[in-house]
Amino acid sequence: MKRIIVTFKHIGLVFSSLLFAAIPAAVSANQFFAEELVQKSADAGKVAAWSARIVMRLTPKSGSERVRESVISNKLQPGGTDVQRLVRFIAPADIHGTNILIHEHGGGDDDIWIYLPSMKKVRRLLANNRKDSFMGTDFTYTDITTPKVREYVHTLLRQEEVNGSSCYVIESVPKTEKTGRDTGYAKTVNWIRADNYVRVKAELYDLSGGLSKAMQVFSLKEADQQKGKWLMEKVLMQNLQSGHSTLLEFHDIRTDKELGERLFAPNRLDKEQ
Amino acid sequence: MSMKMPGKMMLLVLVLLIWLHPVASPAGEDYALEATGHIAGFVASGNRMLDNEGGVAGPTAAVQARFRTPAELSLYFDGRYLGDSSGPETGLREAYIDGDAGKLHVRAGRQIIVWGRADRFNPTDVITPRNYEILAFDDDDQRFGADGAQAAYAVTEAYSITALVLPSFRSSRIPSDALPAGISVNSGSGRSSPSDAQWGIKLDRTGETLDWSVSYFKGFSTLPELALRNDAGLVLDNRGLRMIGADFAASLGAWGVRGEAAYVDFEEQRALPELYPHSYLSAVLGVERVLGQSLALNVQWLHRRIQDFTDPRTIPGPLGLIAMGNALIHDQFDKKQEGVTLSIRDTWFHDTLQAELSGIYFFSRRDYLVKPQMRYALSDRWSALLLADLYQGPEDSFLGGLKKNSLAYAELRYQFGPARWSK
């Protein structure tokens, strides 16, 4: 039964996209539809509460792999739209005890705090540091946080298959120069699966317009069948200019664990939890 | 600060155990012990004793361990060993128990307490001491804990109230050569009677858009002063003080703004008050911004105004030496001091190479400190650290008085852990 419903949904979406593509005057309708898809994609990753152990494998073009390990806890903020995210670093030893807390705000700048055990205090990070590398990985803060859908103009380019799954290919261009500067990307091209709206592939272009990074999801876990929520289990980000890459592996994903609000309170960031 | 042999043995045993033990999964445990640390060797062209004795070298080691229990209680331990040629230094920097009871978080034992949101220059950071004789790559490694307890009550997710009590007092350690030539002192006051208990309270707001706090502390100056006492002659003594302070941090788009201010009032009046440090108002206001991909720029303006100031250079004879010594220890050469700090930081190769150039400049006496630092991660375990300190200025200025602290420093560090045992 579910398959039939999904199929009807697909037909509707494909029909709409063809219609919008065929009528030049309706370019904005195409963009509206694409924005809806990107919003659905963002919502598909918004699981009420989940935690996991992440292994980050940093691989240079030549040289040995470096491994970072952390525990991540995520919970939707009261209101159910924005995510709060806590990352506690376990290894290697020099970043052990470093905690990062992100309170996302879909309509504005996120709040980001970091606790550095050597300084013994909580420090607020700049709101516009979304282009900064996330702890030395190939992912930036933009890449690891929920996309701010309304900051971009989205255009449905085409449909194509990725690893046997039909995907909408959507180009997202920042509406303002500031968003581009803050995120470090002039545009992104995203492959969003038609069946579950999960973004499974992306190409990211730097501010000079060159293709700088490529992201690919290798494995997914269905977190909430009823609500259609999905989590990534394995995702690779490749820096196409330097040859460096980072593989994120999510282990021990738990969606049944109770994550209290206090876990995400900034005044608890320096406390043992 | 010194620790007897059993303490050193404990540290050594822990280092060996961590080294040998593999990381285990934390899932499903009731009790767990987790530890990290490092061993290192360093060489430096000078030391922090202000004695012009030349280069030092030696091994260092540090261990941080936490023992968790199912009852939301945990024990934390931070110990270190510094073995330079000026003599070994072993210390238990922190050893405390902490846990939650509803909205209350309690921590009791030896602990480092750091207040203030400004960068490195914190007027409200008056609670726990430092050992200024220690030569380390990171200035924060000079900190060591005070014995006491603090409780933080989370009023809401953003607001919290912290109260602390320190029944005994531990003074900062300053190099004896920081004192003017010709001055010798007897040992300082103990400050350990119940009436000497220190306490403080802080209301903190850390939440959307703006973080701030207001704080009050009543205790003793962690920095000692040269004091003439009828019973003991010239001693290093720590005077009672009250501090009222506030700080804030906000992120305004591309800019980060931080500020902090404190009024420090020395309580006890001594005979000949012109010889001693005076109450003061200190403030810091700074901005930071990331330029390009990762270049972080931070600029802070510093201001300090001394109350009832007497110029120590106008005091003749041996009493003048005492006044000059206190002015150097407490940085009180001028009634009004304005300064600026600058820090430029960047990282390369996915945080493998981190470098920072920082400095302080005081306008009134044109004294300054320039400090380049670099850390290169050879692997996940090994890293090389380089540091240089250049202090300059006239002798009768704070940073000029620390000229002998100018040095170059190199360290090769091996980090171990995290190691886990669980049951």
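Residues numbered from 1 in each chain as written. Chains lettered and ligands numbered in written order. Predicted model: local features only at pLDDT ≥ 70, side-chain atom pairs only at ≥ 80, totals over all residues. Heavy atoms only, no water.

(A) Region of the structure containing the overall build of chain A. Scanning chain A from N- to C-terminus turns up 4 helices and 13 strands. For chain A, the residues scored as buried account for 56% of the 273 residues in total. The long-range fraction of contacts in chain A, counting pairs at least 24 apart against all pairs at least 6 apart in sequence, stands at 46%. (Helix = DSSP H or I, 4+ residues; strand = E, 2+ residues; numbered from the N terminus. Buried < 20%, exposed > 50% of the residue type's maximum accessible area, 1.4 Å probe, protein only. Contact = heavy atoms within 4.5 Å.)

(B) Examining the overall build of chain B more closely. Scanning chain B from N- to C-terminus turns up 2 helices and 20 strands. Over its C-alpha trace chain B gives a radius of gyration of 22 Å, about what one expects of a compact globule, namely 22 Å for 423 residues. Its C-alpha atoms put chain B at 70 × 55 × 45 Å along the principal axes. Every one of the 423 residues in chain B was classed for burial, and the buried ones make up 51%. Across chain B, every contact between residues at least 6 apart in sequence was considered, and the portion connecting residues at least 24 apart equals 61%. Summed over all atoms, the accessible surface of chain B reaches about 18300 Å², with 62% contributed by carbon and sulfur. Treating the 42 positive side-chain charges of chain B as one cloud and the 50 negative ones as another, the clouds have centres 1 Å apart. (Rg over C-alpha atoms; globule rule 2.2 N^0.38 Å. Areas by Shrake-Rupley, 256 points an atom, 1.4 Å probe, with all protein chains shown as cover. Lys, Arg positive; Asp, Glu negative; His and termini not counted. Charge placed at Lys NZ, Arg CZ, Asp CG, Glu CD.)

(C) View of the environment of Lys234 of chain A. All names here are of chain A. Assignment of secondary structure puts Lys234 in strand 12 (residues 229-239). Residue Lys234 is classed as partly exposed on the basis of its relative accessible area of 34%. With 179 residues separating them in the primary sequence, Lys234 and Val55 have C-alpha atoms 9.7 Å apart.

(D) Main features of the nonpolar core. One finds Phe89, Ile100, Phe134, Tyr141 and Phe250 of chain A to be the most contacted residues of the largest nonpolar core, which totals 41 residues. If you look at the next biggest cluster of nonpolar residues, it comprises 15 residues, including Ile113, Leu164, Leu166 and Ala262 of chain B. (Core = buried A, V, L, I, M, F, W, Y, C linked by side-chain atoms within 4.5 Å.)

(E) Representation of the side chain of Gln337 of chain B within the structure. Residue and element names in this part refer to chain B. Relative to the elements of secondary structure, Gln337 occurs in strand 16 (residues 336-348). Engagement of the side chain of Gln337 in a polar contact is seen with the side chain of Asp331, the distance being 3.1 Å. Setting aside residues up to four positions removed in sequence, Gln337 forms contacts with Leu302, His303, Arg304, Asp331, Phe362 and Ser364. (Polar contact = N/O pair within 3.5 Å; in protein donor to acceptor, adjacent residues only side chain to side chain.)

(F) Spatial organisation of the interface of chain A and chain B. In this assembly, 40 residues from chain A lie in contact with 59 residues from chain B. Of the roughly 4000 Å² buried between chain A and chain B on both sides combined, carbon and sulfur atoms contribute 46%. We note a salt bridge from Arg124 of chain A to Asp211 of chain B, for which the minimum N-O separation is 2.8 Å. Where the side of chain A that touches chain B is concerned, the elements lending two or more residues are strand 2 (66-76), strand 3 (83-91), strand 5 (111-116) and strand 6 (121-125) of chain A. Counting residues per element, the side of chain A that touches chain B draws most heavily on strand 6 of chain A, at 4 residues. (Buried area = accessible area lost by both parts, 1.4 Å probe. Salt bridge = Lys/Arg side-chain N within 4 Å of Asp/Glu carboxyl O.)

(G) Looking closely at the pairing of strand 8 (residues 165-174) of chain A. All names here are of chain A. For strand 8, the buried fraction is high: 8 of the 10 residues fall into the buried class. Direction of pairing for strand 7 (residues 152-162) relative to strand 8: antiparallel, over a ladder of 10 bridges. Opposite Val153, over in strand 8, you have Val173 as the bridge partner. Remark: 2 residues form the turn of the hairpin made by strand 7 and strand 8, two consecutive strands paired antiparallel; Asn163 in that turn has positive phi of roughly 50°. Alignment of strand 8 against strand 9 (residues 187-193), held across 6 bridges, turns out to be antiparallel. Bridge pairing links Ser172 to Thr188 in strand 9. (Pairing = 2+ DSSP bridges.)

(H) Main features of the pattern of salt bridges. A full pass over the atoms with the stated rule returns 56 salt bridges over all chains. In this structure, the salt-bridge partner of Asp119 of chain B is Arg123 of chain A, at a minimum N-O distance of 2.3 Å. Within this pair, whereas Asp119 of chain B is found in the loop between strand 5 (104-111) and strand 6 (146-154), its partner Arg123 of chain A is found in strand 6, the two belonging to separate chains. Grouping residues by exposure puts Asp119 of chain B and Arg123 of chain A together as buried. Measuring nitrogen to oxygen at the nearest pair gives 3.0 Å for the salt bridge that ties Arg254 of chain A to Asp256 of chain A. Beyond isolated ion pairs, a larger network of salt bridges with shared partners links Asp311, Arg313, Asp334, Arg365 and Asp396 of chain B.

(I) The packing of aromatic side chains, seen in detail. Residues and elements named next belong to chain A. Applying the stated criterion across every chain yields a total of 12 aromatic pairs over all chains. Ring centres of Trp50 and Phe250 lie 6.1 Å apart, and the angle between their planes is 50°; this geometry places the pair in the tilted category. A residue pair is termed long-range when its members are at least 10 positions apart, and Trp50 in strand 1 (residues 49-59) and Phe250 in strand 13 (residues 245-254) qualify at 200 residues. As far as the burial class goes, Trp50 and Phe250 line up, both buried. Three or more aromatic residues joined by ring pairs form one cluster here, namely Phe89, Phe134 and Tyr141. Taking NZ or CZ as reference, Lys201 lies 4.4 Å from the ring centre of Trp191, over its face. (Phe/Tyr/Trp six-rings, centres within 6.5 Å; stacked < 30°, edge-to-face > 60°. Lys NZ or Arg CZ within 6 Å of the ring centre and 35° of its normal.)

(J) Here's a closer look at helix 2 (residues 317-330) of chain B. Residues and elements named next belong to chain B. End to end, helix 2 covers 20 Å across 14 residues, agreeing with the expected 20 Å (1.5 Å per residue, within 8%). Looking at helix 2, one finds that the buried residues are Gly320, Ile322, Ala323, Gly325, Asn326, Ala327, Leu328, Ile329 and His330. Considering only its buried residues, helix 2 is in contact with strand 10 (225-229), strand 11 (233-237), strand 13 (255-266) and strand 15 (295-306). Just downstream of helix 2 lies Asp331, where phi reads positive at about 55°. (Expected span 1.5 Å × (residues − 1).)

(K) Region of interest: the environment of Ser215 of chain B. Locating Ser215 of chain B in the fold gives a position in strand 9 (residues 210-220). Ser215 of chain B sits 175 residues away from Leu390 of chain B along the chain, and the two C-alpha atoms are 34 Å apart.

(L) Inspection of the pairing of strand 12 (residues 240-252) of chain B at higher detail. Residues and elements named next belong to chain B. Relative to strand 12, strand 9 runs antiparallel, the two sharing 11 bridges. Looking at strand 12, one finds that Trp212 is bridged to Phe248. Connecting strand 12 to the antiparallel partner strand 13 that follows it, the hairpin turn spans 2 residues, and Gly253 within it adopts a positive phi of roughly 60°.

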